[in-house]
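# Architecture and fold: a report
So you can see what is in the structure, the chains are spelled out below.
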Amino acid sequence: MDLALDRGGNVRTDAGRRPLAARLHHKGLALTTRLAVEPILGTPFLSLADEREQWVLQNESEREAWRAEALDRIVRYAVRCVPAYAGLEPRLDHFPVVDKQTMIDRPDEFLSTRRDEHRVVWKHTGGSTGDPWNYPLDRRAWAEGYATQIYRFREFGVEYGDPKLLLGFPTSLGLNHKSRIRRLRFAVERTDVSLASIEVDGTRSLERAVQACDRHVRMWYGYASTIASMAAAVLDAARTLSGPPLIVTMAEPLWPAWHRDIVDAFGSTVVEEYGANDGGIMAHRCEAGNLHLADHQSLVEVLDDEDRACPPGQPGAIVVTNFHARHMPFIRYRVGDIGIEGTLNCDCGRAGRTLTAVTGRSGDFVLLPDGTQLVPATFFLPFNQVEGVRRWQIVQPDPRSLVVRVEPRASFNADEKKTILSWVRQRSKDQLDVRLSDDEPFELTSGGKHRIVIRHF
Ligand SMILES: [Zn+2]
């Protein structure tokens, strides 16, 4: 991630200097949370955050041994207690890959026969992709995910209980169900919500940016496209605003052009989060460009069409096994995203497994007349290189044609247009009639997510 710079280009140094009142607030909040909130909720999320912060510092072999044991425990549990897995050999590679639809269709087979022993929270997913699902997640599994956020945000100078602003569409922020407990937690944690609608036009985005900056919180957490639109509006209006020390984007890939705009507009440290609640994945992108997975939460595999491990660099289906979900275990669960596995030894020095990219939803691909499927990653290169494109989308309206939609900056020129078109034509093996348009509106999912490859047939 980038260093936070102030308007004069100096590195911000406010992370370590807190007023006494703020330090006392944090101490008090931590104590109250441990003594009262955690026992009431039955989820030791803050204690777990401290524990996991230490866990990641262990050496590779200690962590791997811990993970192997956790994996062995969950597969043995599943064979013993989950009807769908009865009789299987307790080895992960003997388990079938399952997806959301399988679990929706046969719920009883995936629930544990000993589910009464595990307290759950009910989670909701998929509303934004038009495929909603309410599912039970062990409180312990939920706590692992929340703990990951707490200790990762801490790394960027944001403590548990620092004022936060959530920005985006309610579904992806998990706010579609009003819950008293959540409202209480938000009040205790000083989290504010500023909901965006799907429309991200310039005027509204600028208003939203001004209002968000006026709150003077320490962190924004929200949709990548919402915050990118706010940034674009600020830059277009040549306004000078001071953003929070940390901005974490979620729900959508953070494209390099969006990242640049957000840093330029708000001067904040910007971190991309990738997460899948169903299954239990949490990852944050480091300054070396890799998404660091929370290894204590789950095992993530990247698999090809025949459910074999993809070779490095090849995009495949992201499949997760949660170490902590018992009520309804998630084992080799296909989350529906396509990703590329990264290296174990990241240049940033952080330990553990990584993804280099999450490139879109499965099913998002261009289909050539010869049957070749082109996943979104095929098209990244020119868009990451040219300066003049703010956002883009590739649409295949019919089997023979392709439209490249771009939102240009003032600097977009003929050379850049040529670079993009020749790359897309070449990747499409000249089998499609390709045109570029800079004035068509983008298509979003029903939850307001920006998709980069859309096929209409
Ligand atoms: Zn790294």
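Residues numbered from 1 in each chain as written. Predicted model: local features only at pLDDT ≥ 70, side-chain atom pairs only at ≥ 80, totals over all residues.

### Some words on the overall build of the protein chain
Within the protein chain, the secondary structure is distributed over 12 helices and 20 strands. Against the 2.2 N^0.38 benchmark of 23 Å for 457 residues, the protein chain shows a C-alpha radius of gyration of 22 Å, consistent with a compact globule. Each principal axis of the C-alpha atoms in the protein chain carries an extent, and together these give about 65 × 60 × 40 Å. A buried classification covers 42% of the 457 residues belonging to the protein chain. (Helix = DSSP H or I, 4+ residues; strand = E, 2+ residues; numbered from the N terminus. Rg over C-alpha atoms; globule rule 2.2 N^0.38 Å. Buried ≥ 20, exposed ≤ 12 C-beta atoms within 10 Å, placed from the backbone.)

### A closer look at the sheet that holds strand S17 (residues 389-398)
Spatially, S19-S18-S17-S20 is the arrangement adopted by the four strands of the open sheet, whose pairing is mixed. Only two strands of the sheet have a single partner each, and these edge strands are strand S19 (433-437) and strand S20 (453-455). Averaged over all neighbouring strand pairs, the angle between strand axes comes to 20°, with direction disregarded. Bridge count for strand S18 (residues 401-408) against S19 is five bridges, and the pairing is parallel. Bridge assignment links Arg405 to a residue of S19, and that residue is Ser437. (Pairing = 2+ DSSP bridges. Axes fitted to C-alpha atoms, helices over the stretch in contact; angles between N-to-C directions.)

### Focus: the domain arrangement of the protein chain
According to the domain assignment, the protein chain contains domain 1 (20-361) and domain 2 (366-455). For domain 1 and domain 2, the distance between their C-alpha centres works out to 29 Å. (Domains from an automatic or database assignment.)

### Topic: unusual backbone geometry
A positive phi angle is found at Asp307, which is not glycine, with a value near 60°. For Asp307, the position within the fold is in the loop between strand S11 (298-303) and strand S12 (316-322). A residue is classified by how many C-beta atoms lie within 10 Å of it, and Asp307, with 15 of them, is partly exposed.

### As for the pairing of S18
Two elements, S17 and S18, share seven bridges in a ladder whose sense is antiparallel. Its bridge partner being in S18, Val389 is matched across the sheet by Pro408. As for the winding sense of the linkage, the β-α-β connection from S18 through helix H12 (residues 414-427) to S19 is right-handed. (Right-handed = clockwise from strand over helix to strand, strands pointing away.)

### Describing the environment of Thr32
Mapped onto the elements of the fold, Thr32 is located in helix H1 (residues 20-41). When the C-alpha positions of Thr32 and Val188 are compared, they lie 9.9 Å apart, and in sequence the two are 156 residues distant.

### Brief notes about the nonpolar core
Within the largest apolar cluster, 105 residues are counted, with the highest numbers of intra-cluster contacts made by Trp220, Ile227, Ala231, Ile262 and Val320. Top element by residues in this core is helix H9 (residues 224-236). It accounts for eight residues. Those residues in contact with Ala231 that lie beyond four places of it in its chain are Asp261, Ile262, Ala265 and Phe266. (Core = buried A, V, L, I, M, F, W, Y, C linked by C-beta atoms within 7 Å. Contact = placed C-beta atoms within 7 Å.)

### A short note on the packing of H1 against helix H2 (residues 45-55)
As a packed pair, H1 and H2 sit with axes 8 Å apart at the nearest point and diverge in direction by 120°. One way to sum up the angle between H1 and H2 is to call them oblique. On H2, the residues touching Ala30, Thr33, Arg34 and Glu38 of H1 are Phe45, Leu46 and Ser47. Partitioned by chemical class, the residues of the contact of H1 with H2 number three nonpolar, two polar and two charged. (Parallel < 35°, antiparallel > 145°, perpendicular 65-115°, else oblique. Nonpolar A, V, L, I, M, F, W, Y, C, P; charged D, E, K, R; others polar.)

### Section: H9
Here H9 spans 18 Å end to end across 13 residues, near enough to the 18 Å set by a 1.5 Å rise per residue. Of all 13 residues in H9, 11 are buried, a share of seventy percent or more. Looking at H9, one finds that the buried residues are Ala224, Ser225, Thr226, Ile227, Ala228, Ser229, Met230, Ala231, Ala232, Ala233 and Val234. Where H9 is buried, its residues meet strand S4 (164-168), helix H8 (202-214), strand S6 (219-223), strand S7 (246-250), helix H10 (256-266) and S17. (Expected span 1.5 Å × (residues − 1).)

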